[in-house]
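Structure at a glance
Each chain, letter by letter, is given below.
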Number of protein chains: 2
Amino acid sequence: MELINLHAFQVLKLLNNNEITSEDYVTELLKHINKREPLIGAWNYLNEDLILNSAKKLDEKRKISTGENLFGLPIGIKDIIDTYDMPTENGSKICIGRQPSKDAHLVKLLRKEGLIIFGKTVTTEFALSAPGKTKNPKDLECTPGGSSSGSAAAVGDNMIPLSIGSQTGGSVLRPASFNGIIGFKPTFGTISRTGMSPVSFRLDHPGIYARCIEDIELIASIILSYDESDYDMIKNYHFQNHSISNLKDFKFAFVKGPAWKYGDEDMKKIFENFIKSIDLRIDQIQLPSVFEKAVDSHITIMNGGIRSSLYKHYNENKSKLHPYTIERIENGSSLSASDYIDAIQNAKKMSLELKNVFSKYDAIITPAATGQAPRDLSTTGNAVFNGYWTMLGVPAISLPLLKGKDDLPIGAQVIAPWKEDNKLLSISKAIMNL
Amino acid sequence: MELINLHAFQVLKLLNNNEITSEDYVTELLKHINKREPLIGAWNYLNEDLILNSAKKLDEKRKISTGENLFGLPIGIKDIIDTYDMPTENGSKICIGRQPSKDAHLVKLLRKEGLIIFGKTVTTEFALSAPGKTKNPKDLECTPGGSSSGSAAAVGDNMIPLSIGSQTGGSVLRPASFNGIIGFKPTFGTISRTGMSPVSFRLDHPGIYARCIEDIELIASIILSYDESDYDMIKNYHFQNHSISNLKDFKFAFVKGPAWKYGDEDMKKIFENFIKSIDLRIDQIQLPSVFEKAVDSHITIMNGGIRSSLYKHYNENKSKLHPYTIERIENGSSLSASDYIDAIQNAKKMSLELKNVFSKYDAIITPAATGQAPRDLSTTGNAVFNGYWTMLGVPAISLPLLKGKDDLPIGAQVIAPWKEDNKLLSISKAIMNL
């Protein structure tokens, strides 16, 4: 098997057994990237010398270390997340050449473990809806999704085994669905946003891309870590990998939810057949009536946050912003505090009702997107299947289990109770092995 | 000593030793109330038959019970907190005769322990700033403070040993200061607001009045109890009384803070002399610069919440609302989501900075009000010394330690770290015994 097709955990075995060096591995990745990047456009910054130097240094470090470690494993970082040695341009003309002086907290954690910060992946403008240059590696006429467009496309095209994205609506899970990979957004407040450009503090979640659950767990165990500077973090949260013995011990709820009516007709058929055919204990259930306000509440909270986070740029550099970004900021400007507070209260009601659902079911299954990737590079698709779960802060993952009408991937979204990230990943691993 | 002057814990001893009955005790209280209530106006609802019947029933129950219990101990409840057997009128013409079908969660807890829900105490209109009928028992020309006017005045005048109030700005601590009693607002999210008329969900705290710390602890140990229906509650919080051995083991920070400039000149002098004379390890410190926004952030968060909670009444019954209430709702109406979110973010920054202060000091001491009770019944005074601590959700207490220029009481506000209610009360007990 070619090196570029391996999972990170498989590469690590080779590294730890001294069968390959990190330099060998990144050289193979770079060869593939040089061939594919002109077509895909996944990277906003990629410096071969920097990568090779890092790989060599970490190979040296590995030589003088004992035991297993992660030295020399590469990861891509969404370009709204600061890196001290690479520009971070937030997908915006306003930030061209912007060089942070410090790493974001999560980048610091990854470097500390010896990962190579491989490059910066393309994001939509300020992680909103104005697309970057990235195309979908499964079909170059299709959007890769957004806002974590490059992070998902790079992993989907085997340019890299691992990357970091972020989600305020559906910016981790939707691109995962469109690119046929795994995208994981853990419980709100488990990964620090210090050093990440904010969209809406109440909703912003960093997330992880990989092509297998083992790799997701590997990165989760590093970056799900408390940071006092991020005011919204959960204290005393400990992430641990674990495994389940029998998937039949778990009960699943198939939820169509308020997003269902926005789904493509072919996706709906395909998804209902998938639910019938999958070998799980699964009931179809209705969400409580308070969820009727779920889509609107999420949009309200998001728009309020966007206005608060991005107004400075609008005020100083409106002409450099994409019309989509301007529209989102202006929608936020016309929003009243009272409507925002009502949306927050609705979200709290939904969280409470969701607890009742999870008292009967271990996890929820619902589509990860409205359908396969739209054949349209001027959009990044619709996040409606993800937004309200993001708002509720529960852990969610997109698993590449379905194919759409053009044989393009569609993800199944699995959602677990708040703080049960371990369970979500172990269940997901078992589902992937079905 | 007369029964009415006793603390609740002292009355309990007499009850548990069968030296008096609850009927004896409430009869004495009612005699005193009948004399004083025409002057003070602390009660919005008081039904002698209901009280005497409850007392007799609980005396019977005590006869057939073993061990110590709280049967027959009376408590007053602020009239924004629902009671199934008494009207709850929220201090508003709109709610005259409003009879809830259920007890508020905290009332349920008190009844379960055998306390007598004695009556409903006067609140300002919807717990905002439009005064009720209550006068200050220490000087009938002075305001008792608000919004928990009747709760504080009733305890201050020995009509009752215990009562429940609530605080969104300074509505527990300021009336405590003005009435020369103890007012305690625990950590945000430790007492349920289910069945309490909301002012601003992000800020609303129920609180406890008594004339000694032992009595505060008695009620705290009952009502600091998790309720799933209140979305903002802290799970797995356990309140326990404890004692400290030596007050000299604790370090205090004297904070003037951004409220100081609003303080009366005589209060400032009196308070600074108090700090010099009190036998504590105490340093004067400056709050971090982010606290410059503390007063405004609190007002913004409060006004947003008021608009969200009370707009329905404004929309349907504006003519029945006091101009003060109308003004608050209208201030909230003109507030943008973005300004509200910025205030929330500022509050989070302050919480973080406050942790650093509390890494060096066990508690903060600052005035509980701008001065003694204003000689003006058209106002309830200024909450500026309380609002930002309320916003930060930290436990705070007003201790009746000072006297103003007219020999009227002024409280010292003591503030402890988030969730350290136990510590705050044990320190306060030691200070009261100095």
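In this text, all values refer to a predicted model and were calculated from it rather than measured experimentally.

Take the overall build of chain A next. The secondary structure content of chain A amounts to 13 helices and eleven strands. For a compact globule of 434 residues, the expected C-alpha radius of gyration is about 22 Å, and chain A comes in at 20 Å, within 12% of that figure. Along the longest, intermediate and shortest principal axes, the C-alpha atoms of chain A span 60 × 55 × 45 Å. Among the 434 residues that make up chain A, the fraction classed as buried is 57%. In chain A, 77% of the contacts between residues at least 6 apart in sequence involve partners at least 24 apart.

This part covers the sheet that holds strand 7 (residues 251-255) of chain B. Residues and elements named next belong to chain B. A sheet is described by the order of its strands in space; here eleven strands give the open sequence 1-3-2-4-6-5-10-11-9-7-8, paired in mixed fashion. The open sheet has two edge strands, strand 1 (43-46) and strand 8 (281-285), and neither has a second partner. Neighbour-to-neighbour, the strand axes of the sheet open up by a mean angle of 30°, direction not taken into account. Bridge count for strand 9 (residues 363-367) against strand 11 (residues 409-415) is four bridges, and the pairing is antiparallel. Each residue of the ladder has a partner; that of Pro 367, found in strand 11, is Ala 412.

Its rotation angle being 180°, the transformation that places chain B on chain A also includes 0.0 Å of axial translation and leaves an RMSD of 0.0 Å. The symmetry that links the two subunits is that of a two-fold axis. No C-alpha of chain B lies nearer the rotation axis than that of Ala 337 of chain B, which sits 1.8 Å from it. Same-surface contact between copies: 100% of interface residues of chain B are shared with the interface of chain A.

Residues and elements named next belong to chain A. Counting buried positions over the six residues of strand 6 (residues 205-210) gives six, a clear majority of the element. Bridge count between strand 5 (residues 182-185) and strand 6: three bridges; the pairing is antiparallel. Across the sheet, Phe 184 pairs through a bridge with Ile 208, a residue of strand 6.

Okay, the sheet that holds strand 7 (residues 251-255) of chain A next. Residues and elements named next belong to chain A. The mixed open sheet is built from eleven strands, whose spatial order is 1-3-2-4-6-5-10-11-9-7-8. In this open sheet, the two strands that pair with only one neighbour each are strand 1 (43-46) and strand 8 (281-285). In this sheet, adjacent strand axes meet at a mean angle of 30° when their direction is disregarded. Direction of pairing for strand 5 relative to strand 10 (residues 396-403): antiparallel, over a ladder of three bridges. Its bridge partner lying in strand 10, Gly 183 is registered against Ser 398. Here helix 4 (residues 105-112) sits on the sheet and contacts strand 2 (74-78), strand 3 (116-121), strand 4 (163-167) and strand 6; the angle it forms with strand 3, its principal contact strand, is near 145°. Sitting on the sheet, helix 8 (residues 265-277) touches strand 7, strand 8, strand 9 (363-367), strand 10 and strand 11 (409-415), and the angle it makes with strand 10 is about 100°.

Before going further, it helps to examine the interface of chain B and chain A. With 22 residues of chain B at the interface, the matching set in chain A holds 22 residues. Contributing elements (two or more residues each) for the side of chain B that touches chain A: helix 9 (294-317), helix 10 (323-333) and helix 11 (337-360) of chain B. Among the elements that make up the side of chain B that touches chain A, the one with the highest residue count is helix 11 of chain B (ten residues). For the side of chain B that touches chain A, the per-class residue count stands at eight nonpolar, nine polar and five charged.

The next point concerns helix 2 (residues 22-40) of chain A. Maximum bend of helix 2 of chain A: about 40°, positioned at Asn 34 of chain A, with proline Pro 38 of chain A one to four residues after it. Considering only its buried residues, helix 2 of chain A is in contact with helix 1 (8-16), helix 3 (48-63), strand 2, strand 3 and helix 5 (149-156) of chain A.

Here we come to the confidence of the model for chain A. Per-residue confidence for chain A averages 97 on the pLDDT scale, and 100% of its residues sit at or above 70. Of the two predicted TM-score estimates for the complex, the pTM is 0.94 and the ipTM is 0.91.

In terms of nonpolar packing, the biggest core is built from 248 residues, with Ile 182 and Ala 363 of chain A together with Ile 75, Ile 182 and Ala 363 of chain B touching the most fellow members. Not counting chain neighbours up to four residues away, the residues in contact with Ile 182 of chain A comprise Ala 176, Tyr 209, Ala 210, Arg 211, Cys 212, Ile 213, Ile 216, Ile 397, Ser 398, Leu 399 and Pro 400 of chain A.

The next subject is the pairing of strand 2 of chain A. All names here are of chain A. Within strand 2, five of the five residues are buried, which leaves the element mostly enclosed by the surrounding structure. Along strand 2, one buried face is formed by Pro 74, Gly 76 and Lys 78 and the opposite face, lined by Ile 75 and Ile 77, is buried too. Judged from the five bridges that link them, strand 2 and strand 3 form a sheet pairing that is parallel. Within the sheet, the bridge partner assigned to Lys 78 lies in strand 3 and is Thr 121. Each parallel crossover has a hand, and for strand 2 linked through helix 4 to strand 3 it is right-handed.

All names here are of chain B. In the contact formed by helix 9 and helix 12 (residues 384-392), the axes pass within 9 Å of each other and the chain directions differ by 70°. Looking at the two axes, helix 9 sits roughly perpendicular to helix 12. Counted together, Ala 294, Val 295, Ser 297, His 298 and Ile 301 of helix 9 and Val 384, Gly 387, Tyr 388, Thr 390 and Met 391 of helix 12 form the full contact between these two elements.

All names here are of chain B. Look at helix 2 (residues 22-40) against helix 3 (residues 48-63): their axes get within 8 Å of each other, and the N-to-C directions meet at 160°. Judged by the angle between their axes, helix 2 and helix 3 are roughly antiparallel. The residues of helix 3 that touch helix 2, namely those facing Ser 22, Glu 23, Val 26 and Leu 30, are Glu 48, Ile 51, Leu 52, Ala 55, Lys 56, Leu 58 and Asp 59.

In this section: the environment of Lys 61 of chain B. Residues and elements named next belong to chain B. Here Lys 61 is to be found in helix 3. A count of 14 C-beta atoms within 10 Å places Lys 61 in the partly exposed class. Put simply, Lys 61 and Asp 215 are 154 residues apart on the chain and 22 Å apart in space, counted from C-alpha to C-alpha. With near-sequence residues (within four places) excluded, Lys 61 lies in contact with Phe 71 and Gly 114.

Residues and elements named next belong to chain B. Here helix 1 (residues 8-16) has its buried residues at Ala 8, Val 11, Leu 12 and Leu 15. Here the buried residues of helix 1 occupy an arc of 105° about the axis, which is enough to place them on one side. Of the surrounding secondary structure, the elements contacted by the buried residues of helix 1 are helix 2, strand 6 (205-210) and helix 7 (213-223). A positive backbone phi angle near 60° is found at Asn 18, which sits one or two residues after helix 1.

As a further point, take the environment of Lys 57 of chain B. By the secondary structure assignment, Lys 57 of chain B is in helix 3. Spatially, the C-alpha atoms of Lys 57 of chain B and Ile 81 of chain B are 24 Å apart, while their sequence positions differ by 24 residues.

For the peptide bond that leads from Gly 146 of chain A to Ser 147 of chain A, omega is 5°, which places it in the cis range. Positioned with a positive phi, Asn 236 of chain A is a non-glycine residue whose angle comes to about 55°. Considering the arrangement of structural elements, one finds Asn 236 of chain A in the loop between helix 7 (213-223) and strand 7. Looking at Asn 236 of chain A, the number of C-beta atoms within 10 Å reads 5, which means it is exposed. Non-glycine residue Phe 126 of chain B carries a positive phi angle of around 50°. Relative to the elements of secondary structure, Phe 126 of chain B occurs in the loop between strand 3 (116-121) and helix 5 (149-156).

Here is what the cut-offs are and how they apply
- Residues numbered from 1 in each chain as written.
- Chains lettered and ligands numbered in written order.
- Predicted model: local features only at pLDDT ≥ 70, side-chain atom pairs only at ≥ 80, totals over all residues.
- Helix = DSSP H or I, 4+ residues; strand = E, 2+ residues; numbered from the N terminus.
- Rg over C-alpha atoms; globule rule 2.2 N^0.38 Å.
- Buried ≥ 20, exposed ≤ 12 C-beta atoms within 10 Å, placed from the backbone.
- Contact = placed C-beta atoms within 7 Å.
- Pairing = 2+ DSSP bridges.
- Axes fitted to C-alpha atoms, helices over the stretch in contact; angles between N-to-C directions.
- Least-squares fit on C-alpha atoms with pLDDT ≥ 70 in both.
- Nonpolar A, V, L, I, M, F, W, Y, C, P; charged D, E, K, R; others polar.
- Bend = angle between axes of the 7 residues up to and from the residue.
- pLDDT = per-residue confidence, 0-100.
- Core = buried A, V, L, I, M, F, W, Y, C linked by C-beta atoms within 7 Å.
- Right-handed = clockwise from strand over helix to strand, strands pointing away.
- Parallel < 35°, antiparallel > 145°, perpendicular 65-115°, else oblique.
- Arc of directions from axis to C-beta.

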